[in-house]
Structures are given as C-alpha cells and as structure tokens.
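Here is what each chain is made of, one letter per residue.
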Amino acid sequence: MQTILVTGSNGLTGQKITENVIASGKFNLIATSKGKNRFPVQNGYQYEEMDILDKARITALVEKYRPDAIIHTAAMTNVDTAENNKQEADRLNVEAVKLLMDICNTYHIQLVHLSTDFIFDGEDGPYDEQAAANPLSYYGKTKLQAEELLKASGVKWAILRTILVYGIVKDMSRSNIVLWAKGALEKGSPLNVVNDQWRMPTLAEDLAEACLLAVEKKAQGIYNVSGKDMMSIAELVYRVADFWKLDKSQVQEVSSASLGQQASRPRRTGFILDKTIRELGYQPHSFEQGLELLNKQLG
Ligand SMILES: NC(=O)c1ccc[n+]([C@@H]2O[C@H](COP(=O)([O-])OP(=O)(O)OC[C@H]3O[C@@H](n4cnc5c(N)ncnc54)[C@H](OP(=O)(O)O)[C@@H]3O)[C@@H](O)[C@H]2O)c1
C-alpha cells in the first residue's frame, strides 16, 4: 500500500483527503498541519503537527514514515492577504515548496502540488494545461513561481491546478463562496456580487479525489482539476439561491472595479478538463450535484 504525507491537513482539501482515505482504505495516510488536529475522526491514519517551513521537522517525519508521495495543500490561500503580506506569501507559497522539493529529491518521493487558475490573466479562459500564464495578483505570482521551480527540479512532480474550491469541513479557518452566499441569502442581508468574473467552481471532494488519483497513477505533469460548469459569480449565487429556495431580491450585481479589492482577479478562467479525465479517470460532479452533497453534509 502506498504511504502519503499530506500537508495542511486541517484545511478544506486536506480534510477531504483524510476523509476519502479513511473511507477507501487505499493508502496509509500521514496527515500533517500546523497546530492540533481539527479532523473529527482520530482513527485510520496518523496525525503529526508539522509546519511547512520547518525543514528539520519535515525531514524527521519523512525519515519516520518514508512516504511514497507528499500531497502539498498548505499555502497562503487568501488572495488579498498575499497582496498585503508579500514576504509571508513568498515564504509559504515559494520557500516551503523549495524545502519540500529538496526533501522529495533526496528521498525519491512524488510531490503532488496544488496550484491555481490565478496564474492566468483571465483574458482567454477556459485554459488547457499548456496555456501561457500571466498572473495579475501577488498570490498568482507566488503560485506560478512555485510551479516553475518544480518543473526545473528533477523531482517526480504533478501540479494540480484548481479553481474556487467549495465544501464544508470541521473548524474551517476560512469560508468559501458557496457557504458565504448561502449564509448571506439566509440572513436576507444585501449582497454585492460581481457579474464580470467567470469560474468553474470545484467541489472539495472532487479535488481530494484527483489528488489521490494522481498518487495512485504516479502522475507526472500538469493537470487541470475543477468542476465542469462555467458560471459568473452572480450566476453562482443565483444557483445557490435556487437550490436552497432562498430569496434573491437582496442580490446586487456589481462590477469587479466597484469592489476595490486589494488584489486584481482574472475575468474568465475555467479549465479544459480532457487530459485529467482521460489520464487520471477524474469524474467531477456537476455544480448542482455538489450542492446536493453539501446539503446532506449540512444535515
Ligand atoms: N480554495 C480555493 O479556492 C483554491 C483555489 C485555487 C487553488 N487553491 C490551492 O489549493 C490548495 C488547498 O487550498 P484549500 O482551500 O484547501 O486551503 P485551506 O483550506 O486554506 O487550507 C490550507 C491549510 O494549510 C494550513 N497551513 C497554513 N500555513 C501552514 C504552515 N506554515 N504549515 C502547515 N500548515 C499550514 C492552514 O492551517 P490553518 O487552518 O491552521 O490556518 C490550512 O489548514 C492551496 O495550495 C491553494 O493555493 C485553492
């Protein structure tokens, strides 16, 4: 059985990977994250505290467990935080990847790295894996830099790029677009949503499954991993409202420029998924199927 070490296991993707492995029993899992374990089940895997900037700790755990693969989900994931904290973004999104790369080289470990649609400028999405990158935000720049380092590293690497991940896990350190929209619609509070950005939102379970398929198939190269439905953010919010039969009258469509966010966002991203479907056997849910699953989990 292959042994996988996951970084950032307390996060959305990390917890979904843990859940998937426990359910499938297909891998030995070493879940690692900063601080205490926030995944509610303690059996069926090992948890170890691990900061992705702590090379000695990572090396010690790699020596102890000898993983076949590392799935690297930990990062500075908030786009505006990265814009305002560039040094910290460099450390978490670039330096940490260098550390992991070195260790994976030394111990011959496959590195499955998560990247983003924000490496693109959004002028001509949906993108295939070969499309030219041109990040608009500092977050996008750091993620692209990490990709470039990996490609030149000699490590057995797979880069899984993803888009606007949604889902629910325990003790989330940050929300996501679907939970935010549902919460605001339920309260009936006015909500401004942009109608000039298009995305293909990704169910967290689908991303977790793709990460595990990449390990199982010893994938190497770049893979697009998103949902299959393209929509504007405004449309996404309307679809959330329709699904839970919530009042849409407080939704105000606005332009991205009017929001004055710190970091610029690409207009239209989205991915062509053919390669990932063909090579990994990836089968994403539709957006409404994703909402159905989320609805069951919300109880
Ligand atoms: N979410 C999206 O929409 C999206 C879109 C495109 C790409 N991605 C990429 O996909 C990956 C996973 O995203 P996600 O949404 O699952 O992220 P997430 O929910 O924010 O999880 C990241 C986890 O990493 C942990 N972490 C942060 N700094 C750490 C450190 N120094 N050492 C160890 N762990 C640390 C965080 O811990 P705390 O919870 O304790 O802070 C968090 O649990 C990231 O690489 C992200 O860039 C995400």
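Quantities reported herein were computed from a predicted structural model and do not represent experimental measurements. Throughout this document, residue positions are counted from 1 along each chain, in the order its sequence is written. For a predicted model such as this one, the threshold for reporting local features is a pLDDT of at least 70, and the threshold for listing and counting side-chain atom pairs is 80 or more; totals across whole chains, interfaces and linings nevertheless cover every residue. As a convention, hydrogens and water are excluded, and side-chain values are obtained from all of the structure's heavy atoms.

A closer look at the overall build of the protein chain
For step 1, the next point in the chain: Only DSSP runs of H or I with at least four residues qualify as helices, and only runs of E with at least two residues qualify as strands; both kinds are numbered from the N terminus onward. When its secondary structure is counted, the protein chain shows 11 helices and 13 strands.
For step 2, the next point in the chain: Throughout, radius of gyration means the C-alpha value; the globule benchmark is 2.2 Å times the number of residues raised to the power 0.38. For the protein chain, the C-alpha radius of gyration of 19 Å lies close to 19 Å, the compact-globule estimate for 299 residues.
For step 3, the next point in the chain: Relative to its full complement of 299 residues, the protein chain shows a buried share of 56%.
For step 4, the next point in the chain: Note on contacts: a residue pair is in contact if any heavy atoms of the two residues lie within 4.5 Å. Within the protein chain, contacts between residues at least 6 apart in sequence are counted, and of these 79% link residues at least 24 apart.
For step 5, the next point in the chain: Residue exposure ignores everything except the shown protein chains as possible cover, and the areas themselves are Shrake-Rupley values with a 1.4 Å probe. On the protein chain, roughly 13,000 Å² of surface is accessible, and the fraction owed to carbon and sulfur atoms is 46%.
For step 6, the next point in the chain: The protein chain carries 34 positive and 37 negative side-chain charges, and their two centres are separated by 3 Å. Buried means the residue's accessible area, taken with a 1.4 Å probe over protein chains only, is under 20% of the maximum for its type, while exposed means over 50%, and partly exposed covers the values in between. His is not counted here, nor are the chain ends, while Lys and Arg score as positive and Asp and Glu score as negative. Every charge is mapped to an atom, namely NZ of Lys, CZ of Arg, CG of Asp or CD of Glu.

Overview of the packing of aromatic side chains
For step 1, the next point in the chain: Each Phe, Tyr or Trp ring (for Trp, its six-membered ring) is paired with any other whose centre lies within 6.5 Å, and the angle between the two planes then decides the class: stacked below 30 degrees, edge-to-face above 60, tilted in between. Within the structure shown, the criterion is met by five aromatic pairs.
For step 2, the next point in the chain: A ring pair is formed by Phe39 and Tyr45, whose centres lie 6.0 Å apart and whose planes are at 85°; its orientation type is edge-to-face. For the pair formed by Phe39 and Tyr45, the shared burial category is buried.
For step 3, the next point in the chain: Between Tyr166 and Phe287, the aromatic rings sit 5.5 Å apart at their centres with planes inclined by 70°, giving edge-to-face as the arrangement. One end of the pair, Tyr166, is in strand 7 (residues 165-166); the other, Phe287, is in helix 11 (residues 287-298), and 121 residues separate them in sequence.

Some words on the site of the ligand
For step 1, the next point in the chain: Contacts to the ligand come from 25 residues, most closely from Thr13, Arg38, Tyr139, Lys143 and Ser173.
For step 2, the next point in the chain: Polar contact is defined as a pair of N or O atoms within 3.5 Å, subject to the rule that within protein one atom must be able to donate a hydrogen and the other to accept it, and that residues adjacent in sequence are counted only when both atoms are side-chain atoms. In the environment of the ligand, an oxygen atom lies 2.7 Å from a nitrogen or oxygen atom belonging to the side chain of Tyr139.
For step 3, the next point in the chain: A distance of 2.8 Å is found between an oxygen atom of the ligand and a side-chain nitrogen or oxygen belonging to Ser173.
For step 4, the next point in the chain: In isolation the ligand has 900 Å² of accessible area, and contact with the protein removes 89% of it. The nearness test applies per residue and asks whether one of its heavy atoms lies within 4 Å of the molecule or strand.

Topic: the side chain of Ser153
For step 1, the next point in the chain: For Ser153, the location among the structural elements is in the loop between helix 5 (138-151) and strand 6 (157-162).
For step 2, the next point in the chain: Within polar-contact distance, the side chain of Ser153 engages the backbone nitrogen of Val155 at 3.0 Å.

Looking at the UniProt feature "domain: RmlD-like substrate binding" (unreviewed entry) in the protein chain
For step 1, the next point in the chain: UniProt positions are given in the numbering used here, feature names are shortened, and annotations may be inferred rather than shown by experiment. Annotation from UniProt places "domain: RmlD-like substrate binding" (unreviewed entry) at residues 3-295.
For step 2, the next point in the chain: Counting secondary structure, residues 3-295 comes out at 41% helix and 18% strand; the distance between its end C-alpha atoms is 32 Å.

Here we look at the environment of Ile17
For step 1, the next point in the chain: Following the sequence through the fold, Ile17 ends up in helix 1 (residues 12-24).
For step 2, the next point in the chain: Remark: the alpha-carbon pair of Ile17 and Ala56, spanning 39 residues in sequence, is separated by 25 Å.
For step 3, the next point in the chain: For Ile17, the residues in contact, after removing those within four places along its chain, are Val6, Ile71, Thr73, Ala208, Cys211 and Leu212.

Thoughts on the sheet that holds strand 5 (residues 110-116)
For step 1, the next point in the chain: The criterion for strand pairing is that DSSP finds at least two bridges linking the strands in question. Strand order in the open sheet formed by seven strands is 3-2-1-4-5-6-11, with parallel pairing between adjacent strands. Only two strands of the sheet have a single partner each, and these edge strands are strand 3 (46-49) and strand 11 (221-225). Strand-to-strand, the axes of this sheet are offset by a mean angle of 20°, without reference to chain direction.
For step 2, the next point in the chain: Looking at chain direction, strand 4 (residues 69-72) and strand 5 are connected through four bridges and run parallel. Following the sheet pairing, Ile71 is matched in strand 5 by Val112.
For step 3, the next point in the chain: Contacting strand 5, strand 6 and strand 11, helix 5 runs over the sheet at an angle of about 155° to strand 5.
For step 4, the next point in the chain: Axis geometry follows a simple rule: fit a line to the C-alpha atoms, using only the stretch in contact for helices, then measure angles between N-to-C directions, giving values from 0 to 180 degrees. Sheet strands touched by helix 7 (residues 204-216): strand 1 (3-7), strand 4, strand 5, strand 6 and strand 11. Its angle to strand 5, the strand with the most contacts, is close to 150°.

Quick look at the pattern of salt bridges
Think of it this way: side chains of opposite charge can pair up when their charged atoms draw near.
For step 1, the next point in the chain: Any Lys or Arg side-chain nitrogen found within 4 Å of a carboxyl oxygen on Asp or Glu counts as a salt bridge. This model, assessed by the stated rule, comprises 20 salt bridges.
For step 2, the next point in the chain: Arg265 is paired through a salt bridge with Asp80; the nearest N and O atoms lie 2.9 Å apart. Residue Arg265 is found in the loop between helix 9 (256-259) and helix 10 (274-280), and its partner Asp80 is found in helix 3 (residues 79-84); the two are separated by 185 residues along the sequence.
For step 3, the next point in the chain: Judged by its relative accessible area of 18%, Asp80 falls in the buried class.
For step 4, the next point in the chain: In this structure, the salt-bridge partner of Glu95 is Lys98, at a minimum N-O distance of 3.3 Å. Of this pair, Glu95 and Lys98 both sit in helix 4 (residues 86-107), three residues apart, which is roughly one turn of that helix.
For step 5, the next point in the chain: Through salt bridges with shared partners, one network takes in Asp229, Glu235, Arg239 and Glu288.

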